Amino acid sequence: MDLSLVLSDLRELVECESPSSDLAAVGRSADVVARIGSDRLGVAPAYVVVDGRTHLRWRLGTGPSRVLVLGHHDTVWPLGSLGTHPWSAENGVVRGPGCFDMKAGLAMAFHALADLDDRDGVTLLVTGDEEIGSPTSRALIEEEAREASVALVLEASADGGALKTARKGVSLYDVRVLGRAAHAGLEPELGVNATLELAHQALVVSALADPARGTTVTPTLMRAGTTTNTVPAEGSFAVDVRVRTPDEQERVDAALRSLRTVVPGASLEITGGPNRPPLEGVASAALFERARLLAQRLGQPEPMAAAVGGGSDGNFTAGVGTPTLDGLGAVGGGAHGADEHVLVDALPGRTALLVALVADLLADPTPALETTGAHRP
Ligand SMILES: [Zn+2]
């Protein structure tokens, strides 16, 4: 692996901004990703365009797909972010929008797969809407995951380079209240106050959390009403739900769908639902054990395992029953924030680990499940 080439590829990726919300930007970025990937792998990708959004798929070799390597090229950074957060690579630290989440992972994937002697049976999928919940790539990801024996996700690592062995499932809801407007000074008694109903519902909804089971239920964005002197006729709040198990995702879903109004005359509309299923530790245990042993063999410090609250496309691959290991990408920190950065020193070792892991899985793609649970999260 040529580190200077990895860095120049990463720079090109970072300097082509790709906010998920801008289809044209995502399209431009896909062209850059396709060109760099084609140069490194010697094969052009298939363009899979869904609702105007570009995803890229490389099939390597001629055999059936066995190992799915998964990443995304969209970021949360709006156009113009390079003006305030320009590319830099100084003192062993790379900065720039999306460098850590997860353009460094893409550069690593290209160079790792280029380094493999035999890569027959590897599919590399790079999607363009991960940061908004993968509405147009989910079916494609699930289809590829079902075909493959394992999925390796190049998302950024957790603290200190830890691999992500469990991710919470995510559900998103919108709780909408319909009431009736009236003059707040003259005849408020004729109104049905949507703000009051929302207040009651926010308390009921937040009580669905179960910290002992790791379930969080958080009312977030809220709005209601039109003017300061009108009884609000309408309002809504969003609910962010995170769960460790499918059972909890179902429990919260059922509870949200059976909410009852408190304010006489008000009505409720609940929309949304489960977005990503949980990636449970059992889906990653055997793969994590392999990665740990391979790191040992490479003379690297043993990777740690981390269970995290944030979802990724690894939730979808695990959701269809494919063993999945996530967080194999860059070491660094500050994802989605001003401090987003990648540690250059860690790039060669992480890329070498990826090469070893893919080679090992191609030789024996069936991860035997450890029953001791010694290294489970
Ligand atoms: Zn990401």
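Only a predicted model underlies this, so the values are computations on that prediction, with no experimental measurement involved.

Draft legend 1. Representation of unusual backbone geometry within the structure. Between D101 and the following residue, M102, the backbone shows a cis peptide bond with an omega angle of -15°. In this structure, M102 sits in helix 4 (residues 99-115). We note that D51 has phi near 50°; this positive angle belongs to a residue other than glycine. A residue is classified by how much of its surface remains accessible, and D51, at 66% relative accessible area, is exposed. Phi is positive for S134, which is not a glycine, with a value near 60°. Inspection of the secondary structure assignment puts S134 in the loop between strand 6 (122-127) and helix 5 (138-147). Residue S134 is classed as buried on the basis of its relative accessible area of 1%.

Draft legend 2. Layout of the sheet that holds strand 9 (residues 169-178). Ordered by their spatial adjacency, four strands build an open sheet running 10-11-9-12, and the pairing between neighbours is antiparallel. The two strands at the open ends of the sheet, each matched to only one other strand, are strand 10 (216-224) and strand 12 (267-276). Along the sheet, successive strands turn relative to each other by an average axial angle of 15°, direction set aside.

Draft legend 3. Spotlight on the pattern of salt bridges. Under the definition given, this model contains 21 salt bridges. Salt-bridge contacts for R176 lead to E269; the nearest nitrogen and oxygen are separated by 3.3 Å. Highlighted residues: R176 in strand 9 and E269 in strand 12, separated in sequence by 93 residues. A residue is classified by how much of its surface remains accessible, and R176, at 28% relative accessible area, is partly exposed. With relative accessibility at 35%, the residue E269 sits in the partly exposed group. One salt-bridge network, in which partners are shared between bridges, spans R176, R223, E234 and E269.

Draft legend 4. Spatial organisation of the coordination of the zinc ion. The zinc ion binds to the protein through H72 (NE2), D101 (OD), E155 (OE) and E155 (OE), with metal-donor distances spanning 1.9 to 2.6 Å. Taken together, the four donor atoms coordinating the zinc ion span angles of 55 to 148° at the metal, a pattern that classifies the geometry as irregular. Sequence spacing of the donors to the zinc ion: H-x28-D-x53-E. Pair noted here: D101 is in helix 4 and E155 is in the loop between strand 7 (150-153) and strand 8 (163-167), with a separation of 54 residues, a long-range link. Here the two residues D101 and E155 agree in accessibility, since each one is buried.

Draft legend 5. Looking closely at the packing of helix 8 (residues 281-297) against helix 10 (residues 347-363). Two numbers describe how helix 8 lies on helix 10: the axes approach to 10 Å, and their chain directions differ by 120°. In terms of orientation, helix 8 lies oblique with respect to helix 10. Where helix 8 crosses over helix 10, the handedness of that crossing is right-handed. Taken together, the residues of helix 10 that come into contact with helix 8 (itself represented by L287, R290, A291, L294 and A295) are L353, A356, L357, D360 and L361. Of the residues that constitute the contact of helix 8 with helix 10, the class distribution is eight nonpolar, no polar and two charged.

Draft legend 6. Quick peek at the side chain of D326. Summarising the element assignment, D326 is placed in the loop between strand 14 (324-325) and strand 15 (332-333). Here D326 falls in the buried class, since its relative accessible area comes to 0%. At 2.6 Å, the side chain of D326 and the side chain of R167 are in polar contact.

Draft legend 7. View of the side chain of S134. At a separation of 2.5 Å, a polar atom in the side chain of S134 contacts the side chain of D313. Those residues in contact with S134, other than ones at most four positions away along the chain, are D129, R276, D313 and F316.

Draft legend 8. Structural detail: the state of the cysteines. Applying the stated criterion to the full structure yields zero disulfides. Cysteine C16 shares no disulfide, and the gap to the nearest cysteine sulfur, in C99, comes to 15 Å. Residue C99 is classed as buried on the basis of its relative accessible area of 0%.

Draft legend 9. Molecular detail of the pairing of strand 9. Pairing analysis gives 10 bridges linking strand 9 to strand 11 (residues 234-243), with the strands arranged antiparallel. From the neighbouring strand, G169 faces strand 11, where its bridge partner is V243. Across nine bridges, the pairing between strand 9 and strand 12 is antiparallel. For S171, the partnering residue across the bridge sits in strand 12 and is P274.

Criteria and thresholds
- Residues numbered from 1 in each chain as written.
- Predicted model: local features only at pLDDT ≥ 70, side-chain atom pairs only at ≥ 80, totals over all residues.
- Heavy atoms only, no water.
- Helix = DSSP H or I, 4+ residues; strand = E, 2+ residues; numbered from the N terminus.
- Buried < 20%, exposed > 50% of the residue type's maximum accessible area, 1.4 Å probe, protein only.
- Pairing = 2+ DSSP bridges.
- Axes fitted to C-alpha atoms, helices over the stretch in contact; angles between N-to-C directions.
- Salt bridge = Lys/Arg side-chain N within 4 Å of Asp/Glu carboxyl O.
- Donors = N, O, S within 2.8 Å, 3.2 Å for Na, K, Ca; no water.
- Tetrahedral: all angles 85-135°; square planar, octahedral: opposite > 155°, others 65-115°.
- Parallel < 35°, antiparallel > 145°, perpendicular 65-115°, else oblique.
- Left-handed = near helix turned anticlockwise from the far one by under 90°.
- Contact = heavy atoms within 4.5 Å.
- Nonpolar A, V, L, I, M, F, W, Y, C, P; charged D, E, K, R; others polar.
- Polar contact = N/O pair within 3.5 Å; in protein donor to acceptor, adjacent residues only side chain to side chain.
- Disulfide = S-S within 2.5 Å.

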